[in-house]
Amino acid sequence: MTDIEKQNDSTSIELLSFRVGGQDYSVDIMSVREIRGSARATSLPHAPSFVKGVINLRGTVLPIIDLSARLGLQTGEDTERNVIIVVDLGERTAGLMVDAVSDILAIPSEEMQPPPDLTADEARTFVSALTIVDGRMIRILDLEAVMPPQGEEVA
Amino acid sequence: MSDPMAEIRASFFIECEELLESLQDGLQLMDDGDTDSETINIVFRAVHSIKGGAGAFGLDDLVHFAHRFETAMDEVRAGRFSPDAEAIRLFFACADILADLVRAARDGDQVDDGITGPVLENLDKLVGLEEEEEEDLDFTPATLSLDFGDGGTLPDLPELPDVSALPSTDAADDALPALDMPVPAPDTDIPPMAEPECKGFSVKFKPEDALYASGNEPLYLFRALRDLGDISVICHCEDLPQLDSLNPDTGHLSWDMTIHTEEPEQAVREVFEFVDGLCLLEINALTGDQDGTSSSEHTPISPAPEISPPPQVETAPSLPENAASTRVDAAKPSATKDTTKKLGEAKDEQSTQAKAAATPTQPRATVRVDLERIDRLVNLVGELVINQAMLSQSVAEAGLPPNSPVSTGLEEFLQLTRDIQESVMMIRAQPIKSLFQRMGRIVREASASVGKEVRLRTDGENTEVDKTVIERLADPLTHMIRNAVDHGLESTEKRLEAGKSREGHVTLTAQHRSGRIVIEVTDDGGGINRERVKEKAIQKGLIPADAQLSDSDIDNLLFLPGFSTAAEVSNLSGRGVGMDVVKSSIQALGGRINITSQEGKGTTFSISLPLTLAVLDGMVVRVAGETLVVPLNAILETLTLTDEDLTALGPETHVVQIRGGFVPLLDLGAELGYRTPQDSYVGGTVLLIGQEDGNRAALAVDSIEDQRQVVIKGLEGSYGRVPGIAAATILGDGQIALILDPTDLVGQATGRTRVRQPQQLLVG
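All of these numbers come straight from a predicted model, not from anything done at the bench.

A. Focus on the sheet that holds strand E1 (residues 200–207) of chain B. All names here are of chain B. One open sheet holds the four strands; their spatial order is E2-E3-E1-E4, and the pairing between them is antiparallel. Only two strands of the sheet have a single neighbouring strand rather than two, namely strand E2 (230–236) and strand E4 (279–285). For this sheet, the mean inter-axis angle between neighbouring strands, taken without regard to orientation, is 15°. The pairing of E1 with strand E3 (residues 254–260) spans six bridges and is classified as antiparallel. When the sheet's bridge partners are listed, Lys204 is paired in E3 with Asp256. The strands touched by helix H11 (residues 218–226) within the sheet are E1, E2 and E3, with E2 carrying the most contacts at an inclination of about 155°.

What follows is the structure, given as structure tokens:
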């Protein structure tokens, strides 16, 4: 909606916004590899609850994170959550399961605000910045924090 | 220009690695008491070839060291020095340094003179050669022999036999046993730099098959010669057979060349440096007129049969008029060099020729392929396997009769896929020998630094393992070997006290066992001091002070991060970064590590690894709505449980009675956390899992779906390690199925097969 005219702004960041658990979130579009429909994930034993499992993404094993569970939001019905955003974080690739993808936004960097320091909220640690688009607050997701902790699983 | 050179350099270094390997092999054989001359020759040749190649690339450090090493080896070869254990240790050290130098030259590094110096000194002391002389003489045999050649060019032909030939023949005969033979006077009479008289050289060149096989092209040699001066080439094609009997892989041509040049003979020899040993080559200084005369003049010198190498004789029939001069030529340089105590060089020349004769360098039918290409092939085959599974599934779903052409065709396709896959895997497989050889060095270095006498025994070094596994095994194995030497073996005094041999033994074995490769590191040391281990673990807060641990529990404490039992930190191991790192790198390879230790007898670390990292045969099972793959090699049998088979053991556990033995029952779904234990397992299907340690377990599943080959897709890269799960795979329907790691699963199974209040169980 607003992306065309703002695209020329050199200091703006392009974001992919989506809805999850009734809230608006976004990620830097540069880290998005693709968006695909939901697929039945193979669940992993002993995995944290927010790890939905793994799916086959054209021959590679892609872990799926149920973002609403990860953020501690209300989990809606499974049918609603039908989009997987495949994000690429350097070495690691993961799929974020969200309710729906909404838009691509170009936000000037000065319009980004640091999130207020509210420790009670679990989702707080996953948000790196806030911005307002058309009167709606959009949270910018800290992808590193969302990823499942990697390393040695306790045996 | 630089590119082809870089390629040649690269292949030189690859060859060096092979040569170093055969050098190690040879030394090992010598160490084991093999005094066969062929073994010594192998060692000598390896060093010599490295020196030769290094010379071509101007790697002076390498050349210098290799030369000294070679000289020493030559003494051994000539039987003037019989190496004892200490000498062989020194040779090993030399081989190690040589390897270092090769790598340094490859990477453009420098090797500290402080390391090479003392070893060289010892070497010279050992062999009894005077270092000074070796240092002074730059080994350029050609220039020296050229002086002699000048003798031949002296215009005063009748003088020849008197002045040069006869005395030098004496010298050749006498100098061999006695190095200090005074230089015969006539030699010094000849002005050493009488080169202006030299108008050029006649070159006889007969390539052997190996020359062509190694990709050399005589034409280029001629061109290089042409750069030195005017050249005329006569090609001899008398040996050329009839077309119908012509073997295209065999060379039949030989050439006579006359070069008019002011360059020294050395320059001409350098042209042929690359084909050294691959051809019959003789270079004679050109007399004023033609070499026919000179050869006849040289004839009297020919009695030097012990020096005249066999291959030269081959030329005799084909070029009878030159046979005599051939012999002369071989004798001449030797004689000259002997008189100047350059015996090593003389031998060296001889050896290249002798080598060509003794072992006709048959072309090895190997191809060097970039690993990346193989990996791509492996990946493609992986995709093929998945695709084939998908196709099979579609065909099955189409409901075609089992004997339809499609089904039979598919069956053949399946077989082919499997064959291709196995062949590709075989390309990646390599003998584990190279790794074991590196460990030999680790043992030598480690034992030297802790002052223990250690002998490494290896077994099964021809066991083939995936290349990646070999590469990634190097670090953990190094650690384990060091540990064995440092911690495992007792000091010499303690060994003697305990009535053991003075020399500690570390044994490294590799073998295939039930579809996996098992590598064992065994030492005959004191075994694990379990009390101390436990004490230490308590001290470090790794376990509670009142923990009740079995022997194997205590042994496994060694794998805990931050554990180190060495009373004091030695510079070898004991920094506490040891075994936990070893364990995790082994696990990353899909392997396992176990310890068995016997107090006073020694300790064995055994690593078990999957043969390949790409494909495995698995049984596809379903449990709690999930599809899982169980590696086929872990399954001993499958059975359906009856009421009699099943016995309750504790309040929560069952055992299955199989032919008189009791096997714990595990519910796969419950163990993986997919469901709670079932009410009854009677009538259910169980897989009897056999482990490497001989323990068995019965794994209850809902149903067995299929048995097929699956492509292994690692989970570590994308998600992390999952307990009980080895990897994932993609099934025919595109779904991901997890591949079970039965040993890991059984190892940490709770064994709960009955619902009851959960209880803390001590994990064994």
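Text resumes after the structure shown.
B. Expanded view of unusual backbone geometry. Within the chain, A:Asp134 stands out as a residue other than glycine whose phi angle is a positive 50°. Tracing the sequence through the fold places A:Asp134 in the loop between strand E9 (127–133) and strand E10 (136–141). Of note in this structure, B:Ala624 is not a glycine but carries a positive phi near 50°. With respect to the helices and strands, the residue B:Ala624 is situated in the loop between strand E12 (615–623) and strand E13 (626–631).

C. How the structure looks around the sheet that holds strand E7 (residues 92–98) of chain A. Residues and elements named next belong to chain A. A sheet is described by the order of its strands in space; here five strands give the open sequence E3-E6-E7-E5-E4, paired in mixed fashion. Among the strands making up the open sheet, the edge pair consists of strand E3 (32–37) and strand E4 (51–57). The average undirected angle you get between the axes of adjacent strands in this sheet is 30°.

D. Structural detail: the interface of chain A and chain B. Listed per partner, the contact involves 21 residues of chain A and 24 residues of chain B. Among the secondary structure elements, those contributing two or more residues to the side of chain A that touches chain B are E4, strand E5 (60–66) and E7 of chain A.

E. Quick peek at the confidence of the model for chain A. All names here are of chain A. On average, chain A scores 79 in pLDDT, and the residues at 70 or more come to 79%. The least confident element of chain A is helix H1 (residues 3–6), whose mean pLDDT is 47; the most confident is strand E6 (residues 83–89), at 90. Counted against residues more than four places away or in other chains, residues 1–8, with its pLDDT under 50, gives eight contacts. This stretch, residues 151–155, has a pLDDT under 50; its non-local contacts, to residues over four places away or in other chains, come to nine contacts.

F. Inspection of the packing of helix H3 (residues 60–77) of chain B against helix H4 (residues 85–107) of chain B at higher detail. Residue and element names in this part refer to chain B. The interhelical angle for the contact between H3 and H4, taken along N-to-C directions, is 160°, at an axis separation of 10 Å. On the basis of the axis angle, H3 is roughly antiparallel to H4. When you trace H3 past H4, the crossing you get is left-handed. Contacts from Asp61, Leu62, Phe65, Ala66 and Phe69 in H3 reach Cys94, Ile97, Leu98, Leu101, Val102 and Ala105 in H4. Taken together, the residues of the contact of H3 with H4 sort by class into 10 nonpolar, no polar and one charged.

Criteria and thresholds
Residues numbered from 1 in each chain as written. Chains lettered and ligands numbered in written order. Predicted model: local features only at pLDDT ≥ 70, side-chain atom pairs only at ≥ 80, totals over all residues. Pairing = 2+ DSSP bridges. Helix = DSSP H or I, 4+ residues; strand = E, 2+ residues; numbered from the N terminus. Axes fitted to C-alpha atoms, helices over the stretch in contact; angles between N-to-C directions. Contact = placed C-beta atoms within 7 Å. pLDDT = per-residue confidence, 0-100. Parallel < 35°, antiparallel > 145°, perpendicular 65-115°, else oblique. Left-handed = near helix turned anticlockwise from the far one by under 90°. Nonpolar A, V, L, I, M, F, W, Y, C, P; charged D, E, K, R; others polar.

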